[in-house]
Structure formats: C-alpha cells, structure tokens
Amino acid sequence: METPLSNSGNPAPKPVQRAPLALSGLDFKLLKVFKAVVEAGGFSAAQNELNVGLAAISKQISDLEIRIGMRLCTRGREGFHLTEEGRLVYQASIDLFASVDNFRDRLSSAQNELIGDLGVGVIDNTISDVNSPLVAALKRINEASPKVRFQLQASQLDEVERGVVEGRLVAGIVPVYQKREEFDYYALYEERSEVYCAVGHPLFAVPEAEIDSQVLKDYECINHRYAIHRDKLNFARYDSFSASATQVEAVALLIKTGRFVGFLPQHYAASMVAQGQFRAVRPDLIHISTPFNLILRHNTVRSPLVKAFAQALGVDLKAPVQG
C-alpha cells in the first residue's frame, strides 16, 4: 500500500507548460468585450456599451476564459468581481490596446492623418466655464481629423485620475489641489470660486457693507470633500464645517436649504444668482482660485493624437508645471 512517503525519493512532477497564447482577431474581440465589462462594472451594465444581450456577453467571457485557461471573474447574486488573474488580464489588455493605438497613430502620422480613440476625462459641472478650452479643442480636432473618435468621461476627480493612471484615458482636465507623481501637469486656466448663500439664509438680506471677510466664521459651512483648499481656513473655522459634499451639485443642494454657506465655482452659480435663488457673499473679499491642468501619465510616449490634443488646447508639452 502506498503511503504519502512512499514516493518521497522521486522528483516532484513538473508543472504542465502551456503553449504561449497566439493572439488572433477573435482574441482581440473577446479581450475588448472583457475590458468593456470590467469598466462598466458588470455584465448587465455593459449591454448598452457593447450593444449586445446578456447571454452573448456571458458566452464571450466564457470563451475568453477557455482560450486563455484562466478564471477571470465571478458573477452571480453576489455581484461581479475580478479574480487575481482577471485583474492581471485587464491591466494587460489596457497595455495591449494602448500599444495598438500607438502603432496606429504612428502609421497615421506617417500618412499625415490622425485616427484612433481620444479618451479624455473631465470634471463634471464644468460645461458652463467659459475659460475652459476643451470644447474649442475638440471642435478643432474634429474639423481637422474627422476619423478621430472621442471618448469623453465626466466624473469626479479621483475617477479621472484613476482612468489616466490605468490607461483607460489618455488625458484628464482636472482641478489641481495637490500634485501626484504619477502625472505630468500642464497649465490651462484658473477657476474662481466664491461663497454663496440661498434665500432663507440669515446672510441673504444683509447689506453688503455690513459683511466683512470674517463673517463666515459665524455660520455653518459646507466641507468640500473633493477639494483640499487651505485658503478656505482664512475665511471659515474648521469646526464650522457641519455638512459635507463630494460634488459641486451636492454643495449647491445643501446651500439651497438656506441653512449653510459654501464655495461654488462662479460660472456654476451664475444662473442661480440671476434667478434670485443664490447670493454671493462679499465676492470682492471672499474668493479662491483653483488651477485647472491637463494631466498626462508620467514617463509615457506622447502619441501624435495626444500631441495634437495638447496643441488644440494651447499646451506646450515641453513646459509642464513645475513643483
């Protein structure tokens, strides 16, 4: 009878060596589906992006798992989750498609024609900012290079930064509160923010001359969790931040209760001021300025398409923001 020790003198069996995966057109297609599912957050959420049904997506992911011999994700009542192998394959697929795009960009550059996907992340609620050069830049590129496909994502700052780091986005246009070493920063414009109160707030009817720069210290302020502005402490006490918000619109909603004051971008609040709902509190004395920068991933090759986008924005890629 064999015991666990009876074969102890024999060498351990060698692991089965799998042949390297030779990528075909089908593999590229399946990897694109997998990448879209991951970025959508699950099979159901990816249906609109892929324009196919749930059953077809499930089969394609299963086919990919069979072809590469790895379990990539779990799906079911507990939700969609990547395995360790799935995370590896997802990141590798980002690098793969970025390489393909770079190859295509270089060929198109040789032909003096720009093609490919321009993935750009922006902060939501900036459409009303007349200082932003984004709309004009996109228009210029579309007119000069109609084969370029725009992929524009509007979301919170951390989501834009994550997209650029992971390679899902080639660039971001973001407010800069503190710099990160993963990015190169290029100056675009400054956004001015002022303090606002709404109808029903005690400050709303106070004459301008009776308000000074320290007035906020007597009222409840909104803490902007998405923005680290040390300058705010020049105007408000830290312990007066009795409400918090993670987006500009959430700040506006809290102000609208008439119970709080808070900083908002001037361009965003302008329409509510014009309607008589909001009032700027001593904007001549109480205001802050936030730099908006183009961010690109540090130490990466700038493709012809990225260079064209930067040029359309009026950015010199040889002159990043220092410090």
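A brief structural summary. Small disclaimer: the values here were computed from a predicted structure and weren't measured.

1. Describing the overall build of the protein chain
Next, step 1: Along the protein chain, the regular secondary structure elements total 9 helices and 11 strands.
Next, step 2: Expressed as a percentage of the 323 residues in the protein chain, the buried residues total 41%.
Next, step 3: When contacts within the protein chain are restricted to residue pairs at least 6 apart in sequence, long-range pairs at least 24 apart make up 68% of them.
Next, step 4: Of the accessible surface of the protein chain, which amounts to about 18,500 Å², a share of 53% is contributed by carbon and sulfur atoms.

2. Digging into unusual backbone geometry
Next, step 1: Of note in the backbone geometry, Asn 125 takes a positive phi value of approximately 65° without being a glycine.
Next, step 2: Within the secondary structure layout, Asn 125 lies in the loop between strand S3 (116-123) and helix H5 (134-144).
Next, step 3: Taking the relative accessible area as the measure of exposure, Asn 125 reaches 24% and is therefore partly exposed.

3. Considerations on the pairing of strand S4 (residues 148-155)
Next, step 1: Note: S3 against S4, 8 bridges, orientation parallel. Residue pairing for S4: Val 122 is matched across the bridge by Ala 154.
Next, step 2: Tracing the backbone out of S3, into H5 and back to the parallel element S4 gives a crossover that is right-handed.

4. Some points on the layout of surface pockets
Next, step 1: Within this model, the largest pocket holds a volume of roughly 1,300 Å³.
Next, step 2: Lys 35, Asp 101, Gln 151, Gly 167 and Arg 168 are, among the 38 residues lining the largest pocket, the residues nearest its centre.
Next, step 3: Take the lining of the largest pocket: its biggest share by element is 10 residues, from helix H4 (residues 84-110).
Next, step 4: Residue composition of the lining of the largest pocket, by class: 17 nonpolar, 8 polar and 13 charged.

5. Some words on the packing of H5 against helix H9 (residues 304-313)
Next, step 1: At a minimum axis distance of 8 Å, the contact between H5 and H9 shows a crossing angle of 130°. Overall, the two elements H5 and H9 adopt an arrangement that is oblique. The way H5 lies across H9 gives a crossing that is right-handed. Each of Leu 134, Ala 137, Leu 138, Arg 140 and Ile 141 in H5 lies in contact with H9, whose residues at this interface are Ala 308, Phe 309, Ala 312 and Leu 313.
Next, step 2: Across the contact of H5 with H9, the residue classes tally to 8 nonpolar, no polar and 1 charged.

6. Regarding the packing of helix H1 (residues 25-40) against helix H3 (residues 54-68)
Two measures define how a pair of helices packs: the angle their axes make with one another and the distance between the axes.
Next, step 1: Close contact between H1 and H3 brings their axes to 9 Å; oriented N to C, the two are set at 120°. Relative to H3, the element H1 lies oblique. H1 and H3 meet at a crossing whose hand is left-handed. Contacts from Leu 26, Asp 27, Lys 29, Leu 30, Leu 31, Val 33, Phe 34 and Val 37 in H1 reach Ile 57, Gln 60, Ile 61, Asp 63, Leu 64 and Arg 67 in H3.

7. Points about the pattern of salt bridges
Next, step 1: Here the structure, examined in full by the defined rule, presents 16 salt bridges.
Next, step 2: Arg 168 is the partner of Glu 166 in a salt bridge, and the nearest nitrogen-oxygen pair spans 2.9 Å.
Next, step 3: The partner of Glu 194 in a salt bridge is Arg 192, with the nearest N and O atoms 2.7 Å apart.
Next, step 4: Given a relative accessible area of 4%, Glu 194 falls into the buried group.

8. What about H5?
Next, step 1: Buried within H5 we find Leu 134, Ala 137, Leu 138 and Ile 141. For H5, the angular spread of buried residues about the axis comes to 95°, placing them on one side. Exposed and oriented more than 90 degrees from the buried face of H5 are Val 135, Lys 139, Glu 143 and Ala 144.
Next, step 2: On its buried face, H5 is in contact with S3, S4, strand S5 (171-175) and H9.

9. Considering the packing of aromatic side chains
Next, step 1: Overall, the coordinates contain 4 aromatic pairs when judged by the stated rule.
Next, step 2: Here the aromatic rings of Tyr 189 and Phe 292 are separated by 4.9 Å at their centres, their planes lie at 20°, and the arrangement is stacked. Separated by 103 residues along the polypeptide, Tyr 189 in strand S6 (residues 183-198) and Phe 292 in strand S11 (residues 287-297) bring together distant segments of the chain.
Next, step 3: Tyr 189 sits in the buried class, given a relative accessible area of 9%.
Next, step 4: Among the residues examined, Phe 292 registers a relative accessible area of 2% and is labelled buried.

10. Considerations on the nonpolar core
Next, step 1: Leu 118, Ile 173, Leu 188, Leu 294, Phe 309, Leu 313 and Val 315 are the most contacted members of the largest nonpolar core, which totals 25 residues.
Next, step 2: For this core, the secondary structure elements donating two or more residues are S3, H5, S5, S6, S11 and H9.
Next, step 3: For this core, the element with the highest residue contribution is H9, accounting for 7 residues.
Next, step 4: For Leu 188, the residues in contact, after removing those within four places along its chain, are Pro 133, Ile 173, Phe 292, Asn 293, Leu 294, Leu 313 and Val 315.

11. Digging into the side chain of Thr 126
Next, step 1: Mapping Thr 126 onto the fold places it in the loop between S3 and H5.
Next, step 2: The residues contacting Thr 126, other than those within four sequence positions of it, are His 267 and Phe 292.

12. Quick word on the environment of Ala 308
Next, step 1: Tracing the sequence through the fold places Ala 308 in helix H9.
Next, step 2: A C-alpha to C-alpha distance of 8.7 Å links Ala 308 and Leu 114, two positions 194 residues apart in sequence.
Next, step 3: Dropping the residues within four chain positions of it, Ala 308 is found in contact with Leu 114 and Ile 141.

Cut-off values and rules
Residues numbered from 1 in each chain as written. Predicted model: local features only at pLDDT ≥ 70, side-chain atom pairs only at ≥ 80, totals over all residues. Heavy atoms only, no water. Helix = DSSP H or I, 4+ residues; strand = E, 2+ residues; numbered from the N terminus. Buried < 20%, exposed > 50% of the residue type's maximum accessible area, 1.4 Å probe, protein only. Contact = heavy atoms within 4.5 Å. Areas by Shrake-Rupley, 256 points an atom, 1.4 Å probe, with all protein chains shown as cover. Pairing = 2+ DSSP bridges. Right-handed = clockwise from strand over helix to strand, strands pointing away. 1 Å grid on protein atoms, 1.4 Å probe; cavity = no way out; pocket = protein on both sides within 12 Å on 5 of 7 lines; lining within 4 Å. Points joined across faces, edges and corners; volume = space filled by probe spheres on them. Nonpolar A, V, L, I, M, F, W, Y, C, P; charged D, E, K, R; others polar. Axes fitted to C-alpha atoms, helices over the stretch in contact; angles between N-to-C directions. Parallel < 35°, antiparallel > 145°, perpendicular 65-115°, else oblique. Left-handed = near helix turned anticlockwise from the far one by under 90°. Salt bridge = Lys/Arg side-chain N within 4 Å of Asp/Glu carboxyl O. Arc of directions from axis to C-beta. Phe/Tyr/Trp six-rings, centres within 6.5 Å; stacked < 30°, edge-to-face > 60°. Core = buried A, V, L, I, M, F, W, Y, C linked by side-chain atoms within 4.5 Å.

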